[in-house]
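Topology and contacts: notes
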Amino acid sequence: MYDIKAYYEAESVEEAARLLAEKPNLKLIAGGTDVLIKMHGGQLEEAELLSLRKIKSLENIHVRDDGTVAIGAMATFSVIFHNAMLKKLIPVLTEAAVSMGGPQIRNIATIGGNVCNGATSADSASSLFALNARLKLQDEKGERVVPIREFYLGPGKVALNPGEILTEILIAPEDYLGFGGQYIKFAMREAMDIATLGVAAVCKVENGNFAEVRIGLGVAGPTPLRCLEAEEYARGKKITAETLKEIGKLAVRSTKARTSWRASKEYREHLVEELTQRALKTAVVNAGGAEVV
Amino acid sequence: MFKRIAFTVNGKAYDFEVDVRESLLEVLRNHLGLTGAKQGCGVGECGACSVLIDGVPHDTCIFLAVWADGKDIRTIEGVAGINGELSQVQQAFVEEGAIQCGFCTPGLVLTTTALKESGKDYTREELKRELSGHLCRCTGYQNIAKAAEKSLEGHICTCEDSPHYKGAII
Ligand SMILES: Cc1cc2nc3c(=O)[nH]c(=O)nc-3n(C[C@H](O)[C@H](O)[C@H](O)COP(=O)(O)OP(=O)(O)OC[C@H]3O[C@@H](n4cnc5c(N)ncnc54)[C@H](O)[C@@H]3O)c2cc1C
Ligand code: FES
Ligand code: FES
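None of these values were measured; they are calculated from a predicted model.

1. Details of the interface of chain B and chain A
Taken together, the contact between chain B and chain A spans 33 residues of the former and 32 residues of the latter. For the pairing of chain B and chain A, the buried interface totals around 2600 Å² over both sides, and the portion due to carbon and sulfur atoms is 61%. Its largest share of buried area at the contact with chain A, chain B owes to Arg21, Ile62 and Trp67 of chain B, together 25% of the area lost on that side. Connecting chain B to chain A are two salt bridges. Close ionic contact of Asp69 of chain B with Lys54 of chain A constitutes a salt bridge, the shortest N to O distance being 3.5 Å. The interface formed by chain B and chain A contains eight residue pairs in polar contact (both at pLDDT 80 or more).

Right, dumping it as structure tokens:
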């Protein structure tokens, strides 16, 4: 039995926000694949849970009139992976979705829980960083929108104020239209494993040059991060093996990798340098560019 | 704290109070006596506790019992015919020798059943991916893969000109 002291469920975001404001102790639960594991491990005791599972509006995935892709926080990774519209518009995210956990985990784990859990290894995070995703947060008083790069504060720490609920993940058309992307999850096993490194690269190609490159990394530091120096360097450069090589080298400079039982710092840095190039190589082809040989 | 929930298991309707601390696995095994679903890891890693919830495989060790409200649940006890005749998937597992100790079998049979009933086509690679949430400590997986393929006969796409084709793996 789980150490649950009280259990509440809301039928709407408003109701959830009201309950959260009334009872600041409440711990939100979505798919529970982080929350219940923490309870099992004794890191979360006498929990008073507020479930979001009955709020159907949070499962919605749609494209707004202005082209913004809006993904409800309660969309599961299976739903995201099988969503034909996302597969067409933002395949880098659907690839990340199918790389996480195993089928049963994907059937219940939500993207909102993945982001709010604040892990650097979150499989959705590198792609969402590369896509400049913005997060819509709602509390009793209203809404605010935060860029994902400002949301991750440290390991397991996110910029969620007391009483706030993540409702939607937004990706603007200028951040995905015309881009090609690729996500590489490097792990010891092909399924049911946490990433040793996650690399998401997206790029836009013009006349054989990089018009824009964005690189998101997971497990290369205490939070997911972007490789801004490498991205800046790439802008306007001719797409060649040399350019890619330099991007790989510069990408390492943005990292703060550390040694863990999964891999040493040096090995992770080697992976960053190598996998950034590989991801970008495929991203170029996906963006309509010629293959770099 | 208790909560009243209504759900069906293998076609039978239930309506009773569950302790909010309980997992669905505990309710199935301890209250309903359905011990086909096993507790292996207890943390969502092994799939020994998997059942179908509204037709979709879920690990019940990390599924709170209260979440079963309004759901249609199928366990391994509900797979065979009324007179105990094995389902096609179960038969395939027997024929291919895909069972040793049997601890992983209920979950694997249920997931394979869900794949079969989806009516969709799968490449071998996709089939392996769909089964990857089940750990088996005995068989080495080869016979399980064969049994799953046999269960999905006609729905495994191995033709090289298919957009799904990723090479013969097994
Ligand atoms: C066996 C197993 C394998 C796993 N493999 C992977 C993997 O490969 N890659 C990976 O990235 N993760 C993995 N995970 C971790 C976990 O599944 C993911 O992080 C998942 O996306 C969490 O989502 P959830 O809906 O289950 O979140 P929950 O556990 O319900 O919640 C997670 C956290 O987010 C908060 N929260 C949830 N929703 C909201 C919201 N809408 N607003 C505000 N706060 C919210 C909760 O309070 C909690 O702190 C794995 C977990 C297990 C058990
Ligand atoms: S016992 Fe549930 S997944 Fe292992
Ligand atoms: S047969 Fe023993 S675990 Fe699979």
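2. Quick word on the environment of Arg64 of chain A
All names here are of chain A. Here Arg64 is to be found in the loop between strand E4 (61–63) and strand E5 (69–72). The sequence separation of Arg64 and Pro173 amounts to 109 residues, and the corresponding C-alpha distance is 9.8 Å. Beyond its immediate chain neighbours, meaning those up to four positions away, Arg64 contacts Ala70, Lys136, Glu168 and Leu170.

3. What to know about the packing of aromatic side chains
Enumeration over the complete set of coordinates arrives at seven aromatic pairs over all chains. With 6.3 Å between their ring centres and 90 degrees between their planes, Tyr14 of chain B and Phe16 of chain B make a pair best called edge-to-face. The buried category is assigned to Tyr14 of chain B, whose relative accessible area is 18%. Accessibility expressed as a relative area gives 22% for Phe16 of chain B, which makes it partly exposed. Three or more aromatic residues joined by ring pairs form one cluster here, namely Phe129, Phe151 and Tyr152 of chain A. Sitting over the face of the ring of Trp67 of chain B, Arg53 of chain A holds its NZ or CZ atom 4.5 Å from the ring centroid. The lysine or arginine in question, Lys87 of chain A, covers the ring of Phe81 of chain A, its NZ or CZ lying 4.1 Å from the ring centre.

4. Quick word on the pairing of strand E13 (residues 209–218) of chain A
All names here are of chain A. Counting buried positions along E13 gives seven out of 10 residues, so the element sits mostly inside the fold. Both strand E12 (residues 197–206) and E13 contribute to a ladder of nine bridges, which runs antiparallel. Looking at the pairing, Glu206 lines up with Asn209 of E13. Hairpin connection from E12 to E13: two residues lie between these consecutive antiparallel strands, with Asn207 at a positive phi of about 50 degrees. Linking two consecutive strands that pair antiparallel, namely E13 and strand E14 (residues 225–226), is a turn of six residues; a positive phi of about 65 degrees is found at Val219 within it.

Reading the values: rules and limits
- Residues numbered from 1 in each chain as written.
- Chains lettered and ligands numbered in written order.
- Predicted model: local features only at pLDDT ≥ 70, side-chain atom pairs only at ≥ 80, totals over all residues.
- Heavy atoms only, no water.
- Contact = heavy atoms within 4.5 Å.
- Buried area = accessible area lost by both parts, 1.4 Å probe.
- Salt bridge = Lys/Arg side-chain N within 4 Å of Asp/Glu carboxyl O.
- Polar contact = N/O pair within 3.5 Å; in protein donor to acceptor, adjacent residues only side chain to side chain.
- Helix = DSSP H or I, 4+ residues; strand = E, 2+ residues; numbered from the N terminus.
- Phe/Tyr/Trp six-rings, centres within 6.5 Å; stacked < 30°, edge-to-face > 60°.
- Buried < 20%, exposed > 50% of the residue type's maximum accessible area, 1.4 Å probe, protein only.
- Lys NZ or Arg CZ within 6 Å of the ring centre and 35° of its normal.
- Pairing = 2+ DSSP bridges.

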